[in-house]
Amino acid sequence: MKSYGSYLDGKWVSTEDTFEVVNPATAEAFARVSRINNGQLKGALNAAEAALPAWRAMTAKDRGALLHRVADELLRRKSEIARTITLENGKPLAQSEGEVAMSIDHLQWFAEEARRVYGRTIPHQVNGKRHLVVKTPIGTVGAIAPWNFPLVLSVRKVAPALAAGCTVILKPATQTPLCAVALAECMEAAGVPAGVFQLAIGNAAMISREFLTNPICRKISFTGSTQVGQELIRGAAAAIKPLSLELGGLAPVLVFDDCDLDRAIEQTIIAKFRNTGQSCIAANRIYVQKTIHKEFVDRFVAATNRLKTGPGLEPGMDVGPVVNQSALDMALGQIEDAVQKGARVVTGGHRLKDSSGFFLAPTVLNGVTDDAECMSEETFAPIAPIASFDTEEEAIRRANDSCYGLSAYAMTRDIGRIFRLSEQIEAGTLGINDGAPSTSQSPFGGVKQSGWGRELGSEGLEAFLETKHVSIGGV
Ligand SMILES: NC(=O)c1ccc[n+]([C@@H]2O[C@H](COP(=O)([O-])OP(=O)(O)OC[C@H]3O[C@@H](n4cnc5c(N)ncnc54)[C@H](O)[C@@H]3O)[C@@H](O)[C@H]2O)c1
Ligand SMILES: O=C[C@H](O)CS(=O)(=O)O
């Protein structure tokens, strides 16, 4: 079994403290990775601090050129890295290829956006004074990434932080450290200076405690569960450490009777089953207007039954395994709970036979009641719960009736309604007839308990900048 370690201060580091990486399609370990200790992490923070002055002094154009070189490396290795994502995460290979392509696009976009970090001058109120607004990099950043989009969600933090002139230490999820290793190899091959980008694989509690308490770390950018986000907020209080938090979601899909039904079904299938339902912006609750409920359900179930489920490395798969046994148990528990509360399993609802992997048959539940767990708790599995509504007002009220607000979807062709939904839906992203809305140039993040701040777009770069007012007298 091949072994991997961390990338600290320009060197690859291994320790005796190791864990195994498991392929969710077979439930078998296929790689061994070592954890760094607290002393090594402290050393990495010191290296990041030492590398900061030269990195922030480099022109944005030169930093951008290095990010372009990292993108070129990812492009050169795209097939092998996509395979690594599928091996450790389970998603179908075509979707892993899409994740690599999106990561390249993020790197290229932030490489260019680095050159557009503008300050401003403000007209003075007192003669002899001048006022400038200057943007400066926030400093060394601790980035913590999840397993569900292990490469692209790491790049969503690392690329803007580096573009802004910050140094970064990335902590990947325990389930998916290998594409972070590949990203570090690309940084090394591109010539990113030692200490500017580092990869720290290790115990999550130890690493986050050090990020929270070590004054060298000036900001933590986290993507993961709302529960861990809450822990970080508590831990950040003592040092008032700035946090960007991309947390859980519970996306509603509102299907109105004026929609283009073909497109509504196609896009709802994408919003639900992409990444095996393990996307933070996955459709979690599907509300269909009563007038088209039956037709929608019949056609949605037919489309679900056409999805091919199996090992992500086999050609033509649409749905892979969920990440581990506990994710599978939670999904089966949500199905059982919904059925006990009155829902009907229209298709799926069971583990795939003849496989040792963590496969759940793509599942559609109809007549799901509002008190079912899957209507208020994140599902993170290929389960589509469907309920119905009468009026637009009711649909908006039910969509907003959640502590989460990451994304929402609506299927409609009514332009007036599109404006009303844009103003009234409580979510960071609204996809209108669009089940995959994320893109490099547009802000991404949540409201309510889905998080603080935004990634991507110019907001994603702003997250790693400080704003300073310079007042000049005696002019
Ligand atoms: N809003 C978004 O952009 C977004 C994107 C992807 C995933 N998510 C959310 O992430 C969750 C799934 O990911 P997950 O299971 O990896 O989440 P998680 O919170 O368990 O883990 C996320 C990361 O935090 C680390 N971690 C675990 N315990 C920690 C602790 N005590 N302190 C600091 N870090 C800790 C993990 O090792 C991992 O690197 C879902 O809730 C999903 O909605 C949100
Ligand atoms: O889990 C996070 C997001 O779903 C990834 S993406 O914005 O859809 O690429």
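These numbers come from a predicted model, not from an experiment.

**Considerations on the domain arrangement of the chain**
Splitting the chain by domain gives domain 1 (2-247 + 450-473) and domain 2 (251-440). Put simply, the middle of domain 1 and the middle of domain 2, counted by C-alpha atoms, are 31 Å apart. Listed by partner, the interface residues are 29 residues for domain 1 and 31 residues for domain 2. When domain 1 packs against domain 2, the two sides together hide about 2300 Å² of surface, and 58% of this comes from carbon and sulfur. On inspection of domain 1 and its partner domain 2, the count reaches zero salt bridges. Along the contact surface separating domain 1 from domain 2 lie 13 residue pairs in polar contact (both at pLDDT 80 or more). Secondary-structure elements contributing two or more residues to the side of domain 1 that touches domain 2 are α3 (78-89) and α4 (93-113). Looking at the side of domain 1 that touches domain 2, the element that brings in the most residues is α4, giving six residues. For the side of domain 1 that touches domain 2, the residue count by class is twelve nonpolar, eleven polar and six charged.

**Here's the deal with the pattern of salt bridges**
Applying the stated criterion across every chain yields a total of 22 salt bridges. Put simply, Arg-263 and Glu-266 hold a salt bridge, and the shortest N to O gap is 3.9 Å. Of this pair, Arg-263 and Glu-266 are both found in helix α9 (residues 261-273), three residues apart, which corresponds to roughly one turn of the helix. Classification of Arg-263 as partly exposed rests on a relative accessible area of 37%.

**Re the UniProt feature "domain: Aldehyde dehydrogenase" (unreviewed entry) in the chain**
With numbering matched to this structure, UniProt assigns "domain: Aldehyde dehydrogenase" (unreviewed entry) to residues 12-470. With 40% helix and 21% strand, the stretch residues 12-470 has end C-alpha atoms that lie 42 Å from each other.

**Focus on the sheet that holds strand β23 (residues 465-472)**
If you walk across this open sheet you meet the three strands as β6-β7-β23, and the pairing is antiparallel. Either end of the sheet is taken by a strand with one partner, and the two such strands are β6 (120-122) and β23. Within the sheet, the average angular offset between the axes of one strand and its neighbour, ignoring direction, is 25°.

**Observations concerning the nonpolar core**
The biggest cluster of nonpolar side chains holds 88 residues, and the ones touching the most others in it are Phe-197, Val-255 and Phe-300. With residues near it in sequence (within four places) discarded, Phe-197 still touches Tyr-7, Val-158, Val-168, Leu-170, Leu-183, Ala-184, Met-187 and Val-192. Judged by nonpolar contacts, the second largest core, of 31 residues, contains Tyr-287, Val-323, Met-375 and Ala-395.

**Some remarks on the UniProt feature "active site" (unreviewed entry) in the chain**
Feature annotation in UniProt places "active site" (unreviewed entry) on Glu-246, given in this structure's numbering. Along the chain, the position of Glu-246 falls in strand β12 (residues 243-246). On the basis of relative accessible area, Glu-246 is assigned to the buried category, the value being 5%. With near-sequence residues (within four places) excluded, Glu-246 lies in contact with Phe-222, Thr-223, Gly-224, Leu-406, Phe-444, Gly-445, Gly-446, Ser-450, Gly-453, Arg-454 and Glu-455.

**Concerning helix α6 (residues 178-190)**
Spanning 13 residues, α6 covers 18 Å between terminal C-alpha atoms, matching the ideal 18 Å at 1.5 Å per step. Most of α6 sits inside the fold, with ten of its 13 residues counted as buried. Count one or two residues on from α6 and you reach Gly-191, which has phi positive near 90°.

**Focus on the site of ligand 1**
Taken together, 26 residues form the shell around ligand 1, and within it Ala-145, Trp-147, Ser-225, Leu-247 and Glu-378 come nearest. In this structure, an oxygen atom belonging to ligand 1 sits 3.2 Å away from a main-chain N or O atom of Gly-224. With respect to ligand 1, the side chain of Ser-225 contributes an N or O atom lying 2.6 Å from an oxygen atom. Surface burial for ligand 1 is 86%, taken as the share of its 840 Å² of free accessible area covered by protein chains. Those elements that provide at least two residues to the shell around ligand 1 are α7 (204-213), β11 (217-223) and α8 (226-236). Residues of the shell around ligand 1, tallied by class, amount to 15 nonpolar, seven polar and four charged. Counting contributing residues, the shell around ligand 1 receives three or more from each of domain 1 (2-247 + 450-473) and domain 2 (251-440).

**Some remarks on the environment of Ile-432**
Tracing the backbone shows Ile-432 in strand β20 (residues 429-432). Under the relative-accessibility criterion, Ile-432 is labelled partly exposed at 22%. When the C-alpha atoms of Ile-432 and Gln-325 are compared, they prove to be 34 Å apart, with 107 residues separating the residues in sequence. Ignoring any residue separated from it by four or fewer positions in sequence, one finds Ile-432 in contact with Ala-410, Thr-412, Ile-418 and Leu-421.

Conventions used here
Residues numbered from 1 in each chain as written. Chains lettered and ligands numbered in written order. Predicted model: local features only at pLDDT ≥ 70, side-chain atom pairs only at ≥ 80, totals over all residues. Heavy atoms only, no water. Domains from an automatic or database assignment. Contact = heavy atoms within 4.5 Å. Buried area = accessible area lost by both parts, 1.4 Å probe. Salt bridge = Lys/Arg side-chain N within 4 Å of Asp/Glu carboxyl O. Polar contact = N/O pair within 3.5 Å; in protein donor to acceptor, adjacent residues only side chain to side chain. Helix = DSSP H or I, 4+ residues; strand = E, 2+ residues; numbered from the N terminus. Nonpolar A, V, L, I, M, F, W, Y, C, P; charged D, E, K, R; others polar. Buried < 20%, exposed > 50% of the residue type's maximum accessible area, 1.4 Å probe, protein only. UniProt positions renumbered as here; feature names shortened; annotations may be inferred. Pairing = 2+ DSSP bridges. Axes fitted to C-alpha atoms, helices over the stretch in contact; angles between N-to-C directions. Core = buried A, V, L, I, M, F, W, Y, C linked by side-chain atoms within 4.5 Å. Expected span 1.5 Å × (residues − 1). Near = heavy atom within 4 Å. Areas by Shrake-Rupley, 256 points an atom, 1.4 Å probe, with all protein chains shown as cover.

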